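Each chain is listed here by its residues.
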Amino acid sequence: MPELPEVETVRRGLSPVMEGATIVSVEQRRADLRFPFPDGFAEKLAGRRIMSLGRRAKYLLVHLDIDLVLICHLGMSGSFRVEEADAGHVPGSFHHERSKDTLHDHVVFHLKDDRTRSARVIFNDPRRFGFMLFGGRDCLESHPLLSGLGIEPTGNALDGALLNTLLRERRAPLKAALLDQRLIAGLGNIYVCEALWRAGLSPRRRAGSIASTRRPSTPRTELLARSIRETIADAIAAGGSSLRDYVQADGSLGYFQHSFSVYDREGQPCRKSGCGGTVERIVQSGRSTFYCPACQR
Ligand SMILES: [Zn+2]
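Cut-offs and rules
- Residues numbered from 1 in each chain as written.
- Predicted model: local features only at pLDDT ≥ 70, side-chain atom pairs only at ≥ 80, totals over all residues.
- Heavy atoms only, no water.
- Donors = N, O, S within 2.8 Å, 3.2 Å for Na, K, Ca; no water.
- Tetrahedral: all angles 85-135°; square planar, octahedral: opposite > 155°, others 65-115°.
- Helix = DSSP H or I, 4+ residues; strand = E, 2+ residues; numbered from the N terminus.
- Pairing = 2+ DSSP bridges.
- Axes fitted to C-alpha atoms, helices over the stretch in contact; angles between N-to-C directions.
- Contact = heavy atoms within 4.5 Å.
- Buried < 20%, exposed > 50% of the residue type's maximum accessible area, 1.4 Å probe, protein only.
- Core = buried A, V, L, I, M, F, W, Y, C linked by side-chain atoms within 4.5 Å.

*Asks:* What am I meant to see in the coordination of the zinc ion here?
*Replies:* Six octahedrally arranged donors around a metal ideally form angles of 90 or 180 degrees; four tetrahedrally arranged donors ideally form angles of 109.5 degrees. Only Cys270 (SG), Cys275 (SG), Cys292 (SG) and Cys295 (SG) from the protein coordinate the zinc ion, and they sit 2.2 to 2.3 Å from it. Considering all four donor atoms around the zinc ion, the spread of angles at the metal, 104 to 115°, places the coordination shape in the tetrahedral class. Binding-site remark: the zinc ion is held by donors from one chain whose sequence spacing is C-x4-C-x16-C-x2-C. Highlighted residues: Cys275 in the loop between α7 (255–259) and β10 (280–284) and Cys295 in the segment after β11 (287–291), separated in sequence by 20 residues.

The following block contains the structure:
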């Protein structure tokens, strides 16, 4: 499943094509994906200008020139493909390669920009867990999909004091608390494993054990907050560099496979210098956790 850095990379890849463009028409090739498309989906989008392309957690937000926001989710296997007059490319790269089978092209946005250059933005999704819904611009934060979401892990708002507040009453394992979207939004299995490794904290430890009920923060909440922000920022930066390559050639870079520190590395040596431990895999809440028992305490 695409995680936040992949969605952010997709957003950055699409924004030069979509922002400021006018939607000439939309081809909707099915009645539903994970959910039915909204009534009048194509008609409501036709003729609208795209003001900006945003993101909240793992939702792409297409802000239009009316009180309407198109909320898109990639689901398990969704991807966007850009086809311009000269070439096509898939923005972003993914742990699991994206489908290029046109059989799974479910939505096609026909765009033109101010200089009447045209482009097509195509949504492809073999497993159809993705979706597109509408929200109102002025009440977006209260949309059922968005209203319960916690803080973004990308900005400085996620600091040691906030993490201390979020975790101090939590008895769940630290990993489960970090996956709770009501606390931190958009953080998924891969980057929780990576951030905990970076912070040297065990995914098994009780979440509240790194926080304090008396002090505003602890060295461990400070370190973990920084580790989360850095892990996400590094992944987005890696996505950005893959994006430049994608624009030139439609290759399969799969940068995520190569840049993991613990995720998917069971039985391999820990990458922390001087550690000497071996990465283990355990199952927590039905999901694989990868960690190094030697340096993650
Ligand atoms: Zn280690």
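*Asks:* I keep staring at the sheet that holds strand β3 (residues 59–64) and nothing clicks. Help me out?
*Replies:* Here we have four strands laid out as an open sheet, ordered β2-β3-β4-β9, and antiparallel in their pairing. In this open sheet, the two edge strands, each paired with only one partner strand, are β2 (50–56) and β9 (131–135). For this sheet the average axis-to-axis angle between neighbouring strands, irrespective of direction, equals 25°. Two elements, β3 and strand β4 (residues 69–73), share five bridges in a ladder whose sense is antiparallel. From the neighbouring strand, Tyr59 faces β4, where its bridge partner is His73. Here helix α1 (residues 4–18) sits on the sheet and contacts β2 and β3; the angle it forms with β2, its principal contact strand, is near 175°.

*Asks:* It is not clear to me how the pairing of β2 should be interpreted in this structure. Could you clarify?
*Replies:* Residues in a regular strand point their side chains to alternate faces of the sheet. When you tally the buried positions in β2, you get five out of seven residues, the bulk of the element. The pairing of β2 with β3 spans six bridges and is classified as antiparallel. The residue bridging Ile50 from the neighbouring strand is Leu64, located in β3. With antiparallel pairing between neighbouring strands as the criterion, β2 and β3 make up a hairpin whose turn holds two residues, including Ala57 at a positive phi of roughly 50°.

*Asks:* Could you clarify how one ought to interpret the nonpolar core in this entry?
*Replies:* The nonpolar side chains of soluble globular proteins are, as a tendency, buried together. Counting 37 residues, the largest nonpolar core has Leu163, Leu167, Leu174, Leu178, Ile184, Leu224 and Ile228 as the members making the most contacts within it. Elements with a minimum of two residues in this core: α3 (160–167), α4 (174–179), α5 (189–199) and α6 (219–248). Tallying contributions element by element places α5 first for this core, with eight residues. Once residues within four sequence positions are removed from consideration, Leu167 is found in contact with Leu174, Ala177, Ala207, Gly208, Ile210 and Ala211.

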